[in-house]
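# Summary of structural features
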Amino acid sequence: MADHAHDHEHHPYGLAHQFEDTAQQKESVLLGMWSFLITEVLFFGGYFATYLVYRTQYPIAFTEGSYQLDVKLGAFNTVVLILSSLTMAMAVHESHKGNKNGILRYLIATFILGGVFLCVKYVEYSAKFEHGLVPGLAWHPHGEHSPQLALFFSLYFGMTGMHALHMIIGAGLLIWLMVKTARGTYTAEYNAPVEVFGLYWHFVDIVWIFLFPLLYLLGKTHG
Amino acid sequence: MAEHHNSPTVGIYLSVFATLMVLTALTVWVAFVDMGAYNDLIAMVIACTKATVVIVFFMHVKYSSRLLWLFVAAGFLFLLIMFAFIMADYASRGWMEAPGSYFLSIQ
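Residues numbered from 1 in each chain as written. Chains lettered and ligands numbered in written order. Predicted model: local features only at pLDDT ≥ 70, side-chain atom pairs only at ≥ 80, totals over all residues. Heavy atoms only, no water.

## Describing a nonpolar patch on the surface
Residue and element names in this part refer to chain A. Side chains of Phe76, Ile108, Phe111, Ile112, Val116, Ile175 and Val179 sit close together on the surface and give an oily, nonpolar patch of about 550 Å² of accessible area. For the nonpolar patch, the secondary structure elements donating two or more residues are α4 (100-130) and α5 (149-182). Per-element accounting of the nonpolar patch gives the leading share, four residues, to α4. Locating Phe76 in the fold gives a position in helix α3 (residues 71-97). When its relative accessible area of 43% is taken as the criterion, Phe76 is described as partly exposed. (Patch = residues over 30% accessible without salt bridge, like charges linked within 9 Å, V, L, I, M, F, W, Y side chains within 5 Å. Areas by Shrake-Rupley, 256 points an atom, 1.4 Å probe, with all protein chains shown as cover. Salt bridge = Lys/Arg side-chain N within 4 Å of Asp/Glu carboxyl O. Helix = DSSP H or I, 4+ residues; strand = E, 2+ residues; numbered from the N terminus. Buried < 20%, exposed > 50% of the residue type's maximum accessible area, 1.4 Å probe, protein only.)

Spelled out as structure tokens, the structure:
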């Protein structure tokens, strides 16, 4: 709007016209992202509630299923994902300073760590297909087992699969953020996309923080 | 609004990361120590502690406005309500015979 040019004299970079100032815009952006994340918390909450119900009904089958998972790989992935949360927090930290190279460096680190996590997950999934522990696709478990063992593995693939899907979407968004960062879109005044993506990435980390003990660490003392 | 802009230092991020690593090691170690039903409880207490640390420091809730803090807390409160109602339903299903099944059982 050329005839409102005087309005733009003090118009900070990246500020949408409906907001008073950058602080108000930031508050709204964060509140909006948290609204989405809370729907995500309740969405994964449905999975966790299902797990809780069947776990209490069939504790033996769940312990048997847990024996089939590799604690070392699960723990390794937990460390990788928490490390990626650290690099993402650092990317947000650099974005507050408007340091383009700093943001880019930490986004790349986060992307690589996310990739490592997904590769390990691929190795784990392949092993489950080989051992016939995939309900519906390759289900022929060896030896004696509870009839409800398939329930555990259905939940395992449902929960870790939905988590991995969130990681894949996150990796896609990271590529988009890296391109925008390289173009110099984010500055000390305008960096909301980096910060908001950081919230998403940390949320995905939190889901795994619960999945790891619930799926990998059951009844280890009875083995 | 200036007080909302003080974000954590790199030192805080590194301490948070170290805390999360220690808690991860602890949860793996404690899973191999037989404590009966307490194993699950301890695993969940550690997971909740880790999640809280991530939310408060990595997700900047500590450094955000009170409104955001309330918003996040309300979200998790509703998650607890969902768990409580679902588990109350499943836990109490065997307590009472439904009227229909009662009359069927005396015939």
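## Some thoughts on the interface of chain B and chain A
Listed as interface residues are 46 residues of chain B and, on the opposing side, 48 residues of chain A. Both faces combined, the contact of chain B with chain A buries some 4000 Å², and carbon together with sulfur accounts for 83% of it. In this structure, the connection of chain B to chain A is made through one salt bridge. Note that Arg55(A) and Asp40(B) form a salt bridge whose closest N and O atoms lie 2.7 Å from each other. For the side of chain B that touches chain A, the elements supplying multiple residues, two or more each, are α1 (10-31), α2 (38-58) and α3 (66-91) of chain B. Counting residues per element, the side of chain B that touches chain A draws most heavily on α3(B), at 13 residues. In the side of chain B that touches chain A, the residues fall into 34 nonpolar, nine polar and three charged. (Contact = heavy atoms within 4.5 Å. Buried area = accessible area lost by both parts, 1.4 Å probe. Nonpolar A, V, L, I, M, F, W, Y, C, P; charged D, E, K, R; others polar.)

## Digging into the side chain of Ser85(A)
If you trace the backbone, Ser85(A) turns up in helix α3. Overall, Ser85(A) belongs to the buried group, its relative accessible area being 0%. Those residues within four positions of Ser85(A) in sequence are excluded, and the remaining contacts are Trp201(A), His202(A), Asp205(A) and Phe58(B).

## With respect to the packing of aromatic side chains
Residue and element names in this part refer to chain A. Tallied over the full model, the rule gives 22 aromatic pairs over all chains. Ring geometry for Tyr54 against Tyr58: centres 6.2 Å apart, planes inclined by 10 degrees, an arrangement best described as stacked. Overall, Tyr54 belongs to the partly exposed group, its relative accessible area being 29%. Plain terms: the ring middles of Phe212 and Tyr216 are 5.6 Å apart, the flat faces sit at 40 degrees to each other, and that makes the pair tilted. (Phe/Tyr/Trp six-rings, centres within 6.5 Å; stacked < 30°, edge-to-face > 60°.)

## Quick word on empty space enclosed by the protein
With the rule as written, the count across this model stands at one cavity of 30 Å³ or more. In this model, the largest cavity occupies a volume close to 70 Å³. As for the largest cavity, its lining consists of Leu30(A), Trp34(A), Val92(A), Glu195(A), Gly198(A), Leu199(A), His202(A), Phe58(B), Met59(B), His60(B), Ser64(B) and Leu68(B). Looking at the lining of the largest cavity, the elements that each hand over two or more residues are α1 (22-57) and α6 (192-216) of chain A. (1 Å grid on protein atoms, 1.4 Å probe; cavity = no way out; pocket = protein on both sides within 12 Å on 5 of 7 lines; lining within 4 Å. Points joined across faces, edges and corners; volume = space filled by probe spheres on them.)

## A word on the layout of surface pockets
What the largest pocket holds in volume is close to 1100 Å³. Taken together, 46 residues line the largest pocket, and the ones lying closest to its centre are Phe210(A), Leu214(A), Met44(B), Cys48(B) and Phe83(B). Those elements giving two or more residues to the lining of the largest pocket turn out to be α1 and α6 of chain A together with α1, α2 and α3 of chain B.

## Observations regarding α2(B)
The end-to-end C-alpha separation of α2(B) is 29 Å, in line with the 30 Å expected for 21 residues at 1.5 Å each. For α2(B), the set of buried residues is Asn39(B), Ala43(B), Ile46(B), Ala47(B), Lys50(B), Ala51(B), Val53(B), Val54(B), Ile55(B) and Phe58(B). Buried residues along α2(B) sit against α1, α3 and α6 of chain A together with α1 and α3 of chain B. At the exit of α2(B) stands His60(B), carrying a positive phi of roughly 65 degrees. (Expected span 1.5 Å × (residues − 1).)

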